[in-house]
Amino acid sequence: MCSGIKLVKKIDQILEEQGRTRKSLADELKIVPATMATWKTRDILPPADTLSKIADQLEVSLDWLIADYPGWGVDKETFGEYSREAVRERFYKILTNKDGLTEEEMKAAHTATIVFPISYQALKNWAKGRISLDMYFFLQMAFKLNTNIQYLLTGEDDKLPKDFDPVLFKAARENANSVHCLYNLSEDKKQIISDMLNKLMELEHLEHVSKK
């Protein structure tokens, strides 16, 4: 369990990364700035609803804020190219075609594009083990960056097949259950489905032409 001292230390660390002050956070929380100092000097935690608001404002998980969870996969020396930080760096390497970007260059690349569905700070927080992201996020990013999920997460095999069709990939992902069912059918049943789809496409085309 987190202590008041550790909580304020975490808050100060993230505020420094964001170029913010305790006062700016206090204003968002609608509390007196000196209140945070009290949490540290008296080594106490604020109420649960305040902790939740802090987590939201700092874009971290409440679990990490009070219990250091998830926290795994962060150390680059231990996890190498599989570490969260290495994964984060690959996002910007793919985006800019440059390696060894500084923090400022990564932030500029992030804000200059609409590729990312989350903020720069949120992705940085993930790299530091402060929040979790589901697998759909990484699949979505692999598609948007025109790379494969294996390379994005491991640094291995950064070449897509020459016949890779991102439109078909997107359609397959959106209809994953149907594709899975088709894949597991016997060859003769696959042929029946294929013939049926071709006839439906012909009918679709005729209906489209008749409406003109």
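Scroll up to find the structure this text is about.
The rules behind each value
- Residues numbered from 1 in each chain as written.
- Predicted model: local features only at pLDDT ≥ 70, side-chain atom pairs only at ≥ 80, totals over all residues.
- Heavy atoms only, no water.
- Helix = DSSP H or I, 4+ residues; strand = E, 2+ residues; numbered from the N terminus.
- Buried < 20%, exposed > 50% of the residue type's maximum accessible area, 1.4 Å probe, protein only.

Visitor: Hey, could you go over unusual backbone geometry for me, with residue numbers and the actual values?
Guide: Residue Pro70 follows Tyr69 across a cis peptide bond; omega there is 15°. Relative to the helices and strands, Pro70 is located in the loop between helix H5 (62–67) and helix H6 (76–79). Phi is positive for Asp68, which is not a glycine, with a value near 60°. Position of Asp68 relative to the elements: it lies in the loop between H5 and H6. The class for Asp68 is partly exposed, based on a relative accessible area of 32%.

Visitor: Explain the environment of Asp49 to me, using residue names and the numbers behind them.
Guide: Within the fold, Asp49 resides in helix H4 (residues 48–58). Assessed through its relative accessible area of 45%, Asp49 is described here as partly exposed. Measuring from C-alpha to C-alpha, the distance between Asp49 and Ala176 comes to 39 Å, with 127 residues separating the pair along the chain.

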